[in-house]
Amino acid sequence: MNKGLLIVISGFSGAGKSVITKKLLREYEHYAYSVSATTRNPRAGEVDGKDYFFITKEEFERKIENGELLEHNNYVGNYYGTLKSYVEDKLAEGKDVILEIDVNGGRQVKASYPDTISIFVTAPNASEQSQRLRGRGTESEDVIRARLTKVIDEIPTALTYDYIVVNDDLEKTTERINRIIQDQHLRSCNQKAFLEEFEKDIKTILDK
Ligand code: 5GP
């Protein structure tokens, strides 16, 4: 069996990356979600081991020291990180593992695993991007301006991603991202195990 692929999905705030990730996981069996570890407190309704592995700062720092994290980041005073063993187990099962992480994390993952497929999601244009941020109705004008400024800061990193996908329609965008990922399976570098098994079976036939 070929190993699964590692996929990073990042995007501008409000571009729809979490909705797309949830939809991919719901509609296709071949994906697994990388459950991150964090030191922040669970929000109402969040389940340990499903939304995050909620751990203490000491446990997190021990994991950093032991090299147990594929990448990590400090976001507004809390640690967030991707668990290497969790991801590797899922890849070995043949699952395509989705990491929905910020651009800092994405950069670290690509550096350690160059075969990672990185996908950056954006709104179709600036006014739609701005509207989506406002549409949440929960943020003050200052926060919205800060997030729009962050969009500008993230553009150089977005350009280092393998794909930039415009989320103009949730249905079509999810399908498009699924197709991008599944096409990568056809690359010869991802077919090694398949051809090795093929060779073994031909030899068995010849030996009969
Ligand atoms: P929240 O506290 O809202 O769940 O997440 C805050 C931010 O941390 C989001 O931008 C989210 O994408 C990011 N994040 C979640 N898990 C990870 C992770 O494992 N690594 C990194 N680098 N960022 C993460």
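Source: prediction; values computed, not measured. (Residues numbered from 1 in each chain as written. Predicted model: local features only at pLDDT ≥ 70, side-chain atom pairs only at ≥ 80, totals over all residues. Heavy atoms only, no water.)

**Some details on the overall build of the protein chain**
Defined as follows: Where helices and strands are cited, they refer to DSSP runs of H or I of at least four residues and of E of at least two residues respectively, numbered from the N terminus. Note on classification: 1.4 Å probe, protein chains only; a residue is buried when its accessible area is under 20% of the maximum for its type, exposed when over 50%, partly exposed between these limits. Between two residues, a contact is recorded if the distance between any of their heavy atoms is within 4.5 Å.
From N to C terminus, the protein chain includes eight helices and nine strands. Split into buried and exposed, the 208 residues of the protein chain put 38% on the buried side. Within the protein chain, counting contacts between residues at least 6 apart in sequence, those at least 24 apart form 65% of the total.

**Observations concerning the packing of aromatic side chains**
Note the following rule: The rule is short: rings of Phe, Tyr and Trp, with Trp giving its six-membered ring, pair when the centres are within 6.5 Å, and they are stacked under 30 degrees, edge-to-face over 60, tilted in between.
By the definition in use, this model includes nine aromatic pairs. Ring plane angle 75° and centroid distance 5.7 Å describe the contact between Phe53 and Tyr86, whose orientation is recorded as edge-to-face. Residue Phe53 is found in strand 4 (residues 53-54), and its partner Tyr86 is found in helix 3 (residues 84-92); the two are separated by 33 residues along the sequence. Exposure remark for Tyr86: the relative accessible area of 22% places this residue in the partly exposed category. Between Phe120 and Tyr161, the ring centres sit 5.4 Å apart and the planes meet at 75°, which makes this aromatic pair edge-to-face.

**Some details on the site of the ligand**
Note the cut-off: What makes a residue near a molecule or strand is one non-hydrogen atom of that residue sitting within 4 Å of it. Two N or O atoms form a polar contact when they lie within 3.5 Å of each other; inside protein one atom must be a possible hydrogen donor and the other a possible acceptor, and for residues adjacent in sequence the pair counts only when both atoms belong to side chains. For this classification, Asp, Glu, Lys and Arg are treated as charged, while Ala, Val, Leu, Ile, Met, Phe, Trp, Tyr, Cys and Pro are nonpolar and the rest, including Gly, are polar.
Lining the immediate surroundings of the ligand are 14 residues, of which Ser36, Arg40, Tyr52, Glu71 and Tyr80 lie closest. One of the side-chain N or O atoms of Arg40 is found 2.7 Å from an oxygen atom in the ligand. Of all elements in the fold, only strand 5 (69-75) and strand 6 (78-83) reach the threshold of two or more residues within the shell around the ligand. By residue class, the composition of the shell around the ligand is four nonpolar, five polar and five charged.

**A few points about the nonpolar core**
Heads up, the rule is: Remark: nonpolar core denotes a set of buried residues (Ala, Val, Leu, Ile, Met, Phe, Trp, Tyr, Cys) joined through side-chain atoms within 4.5 Å.
Counting residues in hydrophobic clusters, the biggest one holds 32 residues, and the most contacted among them are Ile7, Leu24, Leu99, Ile119 and Ile177. Setting aside chain neighbours within four positions, we find Leu99 in contact with Leu6, Ile7, Val8, Ile9, Ser34, Thr82, Val87 and Val109. Membership of the second largest hydrophobic core comes to six residues, among which are Ile55, Phe60, Leu69 and Leu83.

**Quick word on helix 7 (residues 170-184)**
One full turn of an α-helix is made of 3.6 residues, so residues set three or four places apart face in the same direction. Note the cut-off: The span one expects for a helix is its residue count, reduced by one, times 1.5 Å. Our arc is simply the arc of the directions from the helix axis toward the C-beta atoms.
Its 15 residues give helix 7 an end-to-end C-alpha distance of 22 Å, which sits within 8% of 21 Å, the value for a rise of 1.5 Å per residue. All buried positions along helix 7 are accounted for by Thr173, Thr174, Ile177, Asn178, Ile180, Ile181 and Gln184. Angular distribution of buried residues about the axis of helix 7 spans 155°; they occupy a single face of the element. Residues of helix 7 that are buried sit in contact with strand 1 (6-11), helix 1 (17-27), strand 2 (31-33), strand 7 (96-100), strand 8 (117-122) and strand 9 (163-166). Of the residues flanking the start of helix 7, the one acting as N-cap is Asp169, its side-chain oxygen 3.1 Å from the backbone nitrogen of Glu171.

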